[in-house]
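Okay, here's what each chain looks like letter by letter:
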Amino acid sequence: ELDEAWSAAYRTLGPKLNAPIDDRLIGELENIKAGMGAEGFTQEEVQRVSNIIDGNILSQGDALVGDAVQRVQSKLGALSRSKRDLAGPLLQVRDALLDAAERGSPEAAGELKGLRKAYPKFLAVERAAAESSKKGEGGIFTPDQLATASKVVDISSNKASTAMGRAPHQEAIAGVKGELDGLK
């Protein structure tokens, strides 16, 4: 049900979006590719990401408009799940595209920003519930299971968000654990 609600929210927002393919976006995409080399990706892997960028974003003219933003964003997310070795850079490309959509769609920027902020939290809860269900716990998860799921969905370089205490739900998890420890 949550997944359907999430998709519906993006479908409603999609027609309002305009992501200009401007110098700023192109610079961000170039920085992602350059960063891949510094992070130890091979030239072949950098070229694969470059081909994805060229075929899905840069080939679209001056802007991705309306549902095209959502379509490319979804494709990048799907590619990141199927090409796990390239997940980090592909999700960075997706974020750069959505940043451009926020800049190019001031009337929809707040709604898009809210969805983007909520999505990692949604993924962490979804993953924790799925793992709990696999263990026969009916989707009811512990703070530790949510913390593990939150770390898994952290796409920051070297899990930096988790290390700095900024991963989804991390502050709430720490509070709950503190309360539970106080009951012991």
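Rules behind the numbers
Residues numbered from 1 in each chain as written. Predicted model: local features only at pLDDT ≥ 70, side-chain atom pairs only at ≥ 80, totals over all residues. Heavy atoms only, no water. Helix = DSSP H or I, 4+ residues; strand = E, 2+ residues; numbered from the N terminus. Buried < 20%, exposed > 50% of the residue type's maximum accessible area, 1.4 Å probe, protein only. Core = buried A, V, L, I, M, F, W, Y, C linked by side-chain atoms within 4.5 Å. Axes fitted to C-alpha atoms, helices over the stretch in contact; angles between N-to-C directions. Parallel < 35°, antiparallel > 145°, perpendicular 65-115°, else oblique. Left-handed = near helix turned anticlockwise from the far one by under 90°. Contact = heavy atoms within 4.5 Å. Nonpolar A, V, L, I, M, F, W, Y, C, P; charged D, E, K, R; others polar. Expected span 1.5 Å × (residues − 1). Arc of directions from axis to C-beta.

**Student:** I keep staring at the overall build of the chain and nothing clicks. Help me out?
**Tutor:** Counting secondary structure elements, the chain contains 9 helices and 2 strands. Secondary structure elements of the chain occur, N-terminal to C-terminal, as α-β-α-α-β-α-α-α-α-α-α. Taking all 184 residues of the chain together, 38% fall into the buried category.

**Student:** I keep staring at the nonpolar core and nothing clicks. Help me out?
**Tutor:** Burial of nonpolar side chains together is a common tendency in soluble globular proteins. Counting 34 residues, the largest nonpolar core has Leu 29, Ile 57, Leu 64, Leu 76 and Val 93 as its most contacted members. Where this core is concerned, the elements lending two or more residues are α1 (2-13), α2 (23-38), α3 (43-56), α4 (67-82), α5 (87-104) and α6 (109-134). When residues of this core are assigned to their parent elements, the largest contribution, 7 residues, is made by α5. Membership of the second largest hydrophobic core comes to 5 residues, among which are Ala 124, Ala 128, Leu 146 and Val 153.

**Student:** Sorry if this is basic, but what is going on with the packing of α6 against helix α7 (residues 143-153) here?
**Tutor:** Packed helices, taken two at a time, are described by their axes: the angle between them and the distance between them. In the contact formed by α6 and α7, the axes pass within 8 Å of each other and the chain directions differ by 125 degrees. In terms of orientation, α6 lies oblique with respect to α7. Here the hand of the crossing between α6 and α7 comes out right-handed. Seen from α6, the contacting residues are Pro 120, Leu 123, Ala 124, Val 125, Arg 127, Ala 128 and Ser 132; seen from α7, they are Gln 145, Leu 146, Ala 149, Ser 150, Val 152 and Val 153. Here the contact of α6 with α7 is built from residues that sort into 9 nonpolar, 3 polar and 1 charged.

**Student:** Looking at this model, I keep getting lost on α3. Mind explaining?
**Tutor:** Spacing of three or four residues puts side chains on the same side of an α-helix, whose turn is 3.6 residues. With 14 residues, α3 should cover 20 Å at 1.5 Å per step; its first-to-last C-alpha distance of 20 Å lies within 8% of that length. Every buried residue belonging to α3 is among Glu 45, Val 46, Val 49, Ser 50, Ile 52, Ile 53 and Asn 56, and all of these are buried. Down the axis of α3, the buried side of the element spans an arc of 160 degrees, and every buried residue falls inside it. Opposite the packed face of α3, turned more than 90 degrees from it, sit the exposed residues Gln 43 and Glu 44. In the core, the buried residues of α3 are packed alongside α2, β2 (63-65), α4 and α5.

**Student:** What is the right way to look at the environment of Val 93 in this model?
**Tutor:** One can find Val 93 in helix α5. Accessibility expressed as a relative area gives 1% for Val 93, which makes it buried. Considered as a pair, Val 93 and Ile 57 are 36 residues apart in the sequence and their alpha carbons are 9.6 Å apart. For Val 93, the residues in contact, after removing those within four places along its chain, are Leu 29, Ile 32, Val 49, Ile 53, Ile 57 and Leu 76.

**Student:** Just checking my understanding: could you explain α2 for this structure?
**Tutor:** Its 16 residues place the ends of α2 22 Å apart at the C-alpha level, agreeing with the 22 Å of an ideal helix rising 1.5 Å per residue. Taken residue by residue, α2 has Leu 25, Leu 29, Ile 32, Lys 33 and Met 36 as its buried positions. All buried residues of α2 project into a common sector of 90 degrees when viewed along the axis, lining one side. Facing away from the buried side of α2 by more than 90 degrees, the exposed set consists of Asp 23, Arg 24, Asn 31, Ala 34 and Ala 38. Contacts made by the buried residues of α2 are with β1 (18-20), α3 and α5. In the segment just after α2, Gly 40 is the residue with positive phi, at about 95 degrees.

**Student:** Is there a simple way to think about the environment of Ser 132 in this case?
**Tutor:** One can find Ser 132 in helix α6. A relative accessible area of 0% places Ser 132 in the buried class. Linking Ser 132 and Gln 145, residues 13 residues apart in sequence, is a C-alpha distance of 7.8 Å. Apart from the residues lying within four places of it in its own chain, the contact partners of Ser 132 are Glu 137, Gly 138, Gly 139, Ile 140, Phe 141 and Gln 145.

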